[in-house]
Amino acid sequence: MGDWPAMLAPDATADPIADLVGRFEGAVVASARTRRELAREIEGDLREDAAARVAAGATEREAAMAVVAGFGDVRALASEMSVELLAARGTRFASLTALGSVVLLVAWFSGMTTLVGLGFRVPADDGWMLQVSRALDVAGPLVVAVGLAGWIAIRRSGSLAAIATVAALQLGFAGALVAGAIAMAGVATAPAAGAGLLDALIALTVLLGSALVAASAGVLVRWGAIRLEPRRARS
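Owing to the predicted nature of the structure, the values given are computational and were not obtained by experimental measurement. Residue positions are counted from 1 within each chain, in the order its sequence is given. Per-residue local features are limited, in this predicted model, to residues with pLDDT of at least 70; the limit for side-chain atom pairs, both in listing and counting, is 80 or more; totals at the level of whole chains, interfaces and linings are taken over all residues. No hydrogens and no water enter the side-chain calculation; it runs on all heavy atoms of the structure.

We now examine the pattern of salt bridges. The term salt bridge refers to a side-chain nitrogen of Lys or Arg lying within 4 Å of a carboxyl oxygen of Asp or Glu. Taken as a whole, this structure holds five salt bridges when the rule is applied. Put simply, arginine 47 and glutamate 43 hold a salt bridge, and the shortest N to O gap is 2.9 Å. Of this pair, arginine 47 and glutamate 43 both sit in helix α3 (residues 32–55), four residues apart, roughly one helical turn. Accessibility expressed as a relative area gives 26% for glutamate 43, which makes it partly exposed. Here arginine 53 ties to aspartate 49 by a salt bridge, and the two come within 3.4 Å at their closest N and O atoms. One end of the pair is arginine 53 and the other is aspartate 49, both in helix α3 and four residues apart, which spans about a single turn. Classification of arginine 53 as partly exposed rests on a relative accessible area of 35%. Burial status follows relative accessibility: with a 1.4 Å probe on protein chains alone, a residue under 20% of its type maximum counts as buried, one over 50% as exposed, and anything between as partly exposed. Looking at aspartate 49, the relative accessible area reads 34%, which means it is partly exposed. The structure contains a network of salt bridges with shared partners spanning Asp15, Glu43 and Arg47. Starting at the N terminus, helices and strands are each numbered in turn, a helix being any DSSP run of H or I of at least four residues and a strand any DSSP run of E of at least two.

Take a look at the structure:
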């Protein structure tokens, strides 16, 4: 029983600043590298503030506690930082994925025009390919337009809804392109003069489309983590 007071008392050897920085780093929704960089920057600022307090006459413990007390609510600040980081990522994402979609649309339009001129035809049994192609012809410009509109909205207001909308549309569009390209590789036969061009179109679509899928999924996962953070904090 004599050990209970010691067990309940604050650990005088603990480092309040390190504890705060650790909790902040764990609460921020970002890549591991970004979280480490933020943690180092914040810890440097806090320790500089604490050193100034010590120089003014406070003990190291008092200085550290005062700095921690003045930092504010860790979860609220981490949530705010998470939104800012996602908004910055969303701005880059919207512009780059819109550009990627334009590249794919231009490549397929010019490539298929050339292939048709060389005699390429879709087999009658694979008419579904034409239906998918027409749907993507409509969806492609829409995705590009939404990406550009989202880029403007994100830059102006940091809208998480705009980020999620752009990412969801891009995910569906890029996923359909990749699936269509893989399906075409299995059934379509180009004239000998255009075989290399068709292979290049399919390879470009699979590589760039897969990159767009991965980027879109990453943005949506981070968006979802930010939306769920308040629930985790209450649980």
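Attention now goes to the environment of threonine 34. With respect to the secondary-structure elements, threonine 34 resides in helix α3. By relative accessible area, which is 24% here, threonine 34 ends up partly exposed. In sequence terms threonine 34 and leucine 85 are 51 residues apart; their C-alpha atoms lie 9.2 Å from each other.

This part covers the nonpolar core. Within this scheme, the nonpolar core is defined by two criteria: the residues are buried Ala, Val, Leu, Ile, Met, Phe, Trp, Tyr or Cys, and they are joined through side-chain atoms within 4.5 Å. Among the nonpolar cores identified, the biggest contains 19 residues, and Ile17, Leu20, Val21, Phe24, Leu46 and Phe71 are the most heavily contacted of them. In this structure, leucine 20 is in contact with Leu46, Val68, Phe71 and Val74, ignoring residues within four places of it in sequence. Counting 14 residues, the second largest nonpolar core, distinct from the first, contains Val29, Ile154, Val166 and Ile226. Any two residues having at least one pair of non-hydrogen atoms within 4.5 Å are treated as being in contact.

Turning our eyes to something else, we now look at helix α7 (residues 160–187). For α7, with 28 residues, the first-to-last C-alpha span of 41 Å sits near the 40 Å given by 1.5 Å per residue. Contacts described as polar in this section are N or O atom pairs within 3.5 Å, which, within protein, must combine one atom able to donate a hydrogen with one able to accept it, while residues neighboring in sequence count only if both atoms come from side chains. The N-capping residue of α7, defined by a side-chain oxygen 3.4 Å from the backbone nitrogen of alanine 161, is serine 159. The length a helix should cover is 1.5 Å for every residue beyond the first.

As a per-residue measure, pLDDT reflects the predictor's confidence and takes values from 0 up to 100. Considering every residue of the chain, the mean pLDDT works out to 83; 85% of them sit at 70 or more. Within the chain, helix α1 (residues 4–8) has the poorest average pLDDT of any element, 44, and α3 the best, 94. A low-confidence stretch, residues 1–10 (pLDDT under 50), is modelled with zero contacts involving residues beyond four sequence positions or located in other chains.

Further remarks concern the side chain of threonine 97. By the element assignment, threonine 97 lies in helix α5 (residues 74–117). Within the structure, the side chain of threonine 97 is placed 2.6 Å from the backbone oxygen of phenylalanine 93, a separation counted as a polar contact. Once residues within four sequence positions are removed from consideration, threonine 97 is found in contact with Gln170 and Leu212.

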